[in-house]
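# Coordinate analysis (summary)
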Amino acid sequence: MSATIHPETVLRELSDLWVSLGKEADPDQPSGVLRACTMTLMAVADEADDPSDVWSVMAALMPEHPSRAIVIRFRQSAARELSARVFSQCWMPFGHRRQICCEQIEISASDASLCDLPAVIVPLAVSDLPVILWCRGARLFELPDFAHVANLAHKLVLDSAAFADPAAILKRLAEHSRAEQTLGDLAWTRLTRGRELVSQIFENRNYCARLPGVTQVRVGFGGERPPTTAFYMAAWLLDGLERAGAMPQVRAGNRRRTHHQVSRGSSLTVPMAMACASLLP
């Protein structure tokens, strides 16, 4: 593994890749392959993560969101190490005879080289298109130099359920929400079906008329302390009920009846409510 990556070399390899794909295309198809790109999609993961898992998610996104995909795999090392390889992902839409292909770049890096990556990524990102960054692990998000990479993205996607301290990560998300960067939390997304079910209850006009009279709400969870999903659900319910004219007492509690008060005045849940509001679709 070398100590640096020359972006112009990677771009030249991408260009050669398209020439090769064009030559391999069926001669009976004069249009060859179709090059498609709507954004730059980056993913950062630990070297120990299964690379097939990362790329399978990327491949699943490609038909709906064709992009130049950049996966950066980190190893815990104090030496500055960087290397890259390029390849393509192609598929043929149903009912079509022409393949659609997207570019993929895999970068291997050490923790020590994290601060060097912006100089590599900026030239590799597709100009005039959004950059989405998916952070797959809590360790990488908490690295001191992670902000150098995160600041390159228009949107940062992570999973707060992967963090050991729900209150701490929600506070950090609240800090991000005050910046111009858009956030996406997979833990919040998992609540979509549950929120839809709760909303359907109040599609009944009789139930909806009773909302101002709601005084207590309890959100259950497993484990010793509430996960971020419990706080997200509690904040969503609290916000909705207050909009309906209610002043409810919202608690998050487990089977052992350990309760956590949720209110806008709470030092714990104010950052949570702010982060939740920034993640609402």
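Placed above this text is the structure.
Residues numbered from 1 in each chain as written. Predicted model: local features only at pLDDT ≥ 70, side-chain atom pairs only at ≥ 80, totals over all residues. Heavy atoms only, no water.

### Overview of the overall build of the protein chain
A count of helical and extended segments in the protein chain gives 11 helices and 11 strands. In the protein chain, buried positions account for 43% of the 281 residues. For the protein chain, the proportion of contacts with a sequence separation of at least 24, taken over those separated by at least 6, is 75%. Total accessible area on the protein chain stands at roughly 15,100 Å², and carbon and sulfur atoms take up 52% of it. (Helix = DSSP H or I, 4+ residues; strand = E, 2+ residues; numbered from the N terminus. Buried < 20%, exposed > 50% of the residue type's maximum accessible area, 1.4 Å probe, protein only. Contact = heavy atoms within 4.5 Å. Areas by Shrake-Rupley, 256 points an atom, 1.4 Å probe, with all protein chains shown as cover.)

### Examining the side chain of Asp-159
Its location among the elements puts Asp-159 in the loop between β7 (155–158) and α6 (166–177). Residue Asp-159 is classed as buried on the basis of its relative accessible area, which comes to 18%. At 2.4 Å, the side chain of Asp-159 and the side chain of Arg-190 are in polar contact. Ignoring any residue separated from it by four or fewer positions in sequence, one finds Asp-159 in contact with Cys-135, Asp-185, Leu-186, Ala-187 and Arg-190. (Polar contact = N/O pair within 3.5 Å; in protein donor to acceptor, adjacent residues only side chain to side chain.)

### With respect to the pattern of salt bridges
What the rule picks out here adds up to 11 salt bridges. Put simply, Arg-85 and Glu-106 hold a salt bridge, and the shortest N to O gap is 3.0 Å. Pair noted here: Arg-85 is in strand β4 (residues 82–91) and Glu-106 is in strand β5 (residues 100–110), with a separation of 21 residues, a long-range link. Overall, the relative accessible area of 9% leaves Glu-106 in the buried class. In this structure, a network of salt bridges that share partners links the residues Asp-46, Asp-111 and Arg-139. (Salt bridge = Lys/Arg side-chain N within 4 Å of Asp/Glu carboxyl O.)

### Quick word on the environment of Val-131
The topology assignment puts Val-131 in strand β6 (residues 131–135). The exposure class of Val-131 is buried, given its relative accessible area of 7%. Remark: the alpha-carbon pair of Val-131 and Thr-38, spanning 93 residues in sequence, is separated by 9.6 Å. Ignoring anything within four residues of it in the chain, the contact list for Val-131 reads Thr-40, Met-42, Ala-125, Leu-152, Ala-153, His-154 and Lys-155.

### Here we look at the nonpolar core
In globular proteins that are soluble, nonpolar side chains generally tend to be buried together. Ile-72, Ile-107, Leu-117, Leu-133 and Phe-146 are the most contacted members of the largest nonpolar core, which totals 56 residues. Take this core: its biggest share by element is nine residues, from helix α10 (residues 228–243). Look past the residues within four positions of Leu-117 in its chain and what remains in contact with it is Ile-72, Phe-74, Leu-82, Ile-107 and Val-149. Counting 15 residues, the second largest nonpolar core, distinct from the first, contains Val-54, Trp-55, Met-58 and Ile-132. (Core = buried A, V, L, I, M, F, W, Y, C linked by side-chain atoms within 4.5 Å.)

### Here we look at the packing of aromatic side chains
Taken as a whole and judged by the stated rule, the model has four aromatic pairs. Ring geometry for Trp-55 and Phe-87: centres 5.1 Å apart, planes at 70°, overall edge-to-face. With Trp-55 in helix α2 (residues 51–61) and Phe-87 in strand β4, this pair connects stretches of sequence that are 32 residues apart. With 5.5 Å between their ring centres and 70° between their planes, Trp-188 and Tyr-232 make a pair best called edge-to-face. One end of the pair, Trp-188, is in helix α7 (residues 186–189); the other, Tyr-232, is in helix α10, and 44 residues separate them in sequence. By relative accessible area, which is 0% here, Tyr-232 ends up buried. (Phe/Tyr/Trp six-rings, centres within 6.5 Å; stacked < 30°, edge-to-face > 60°.)

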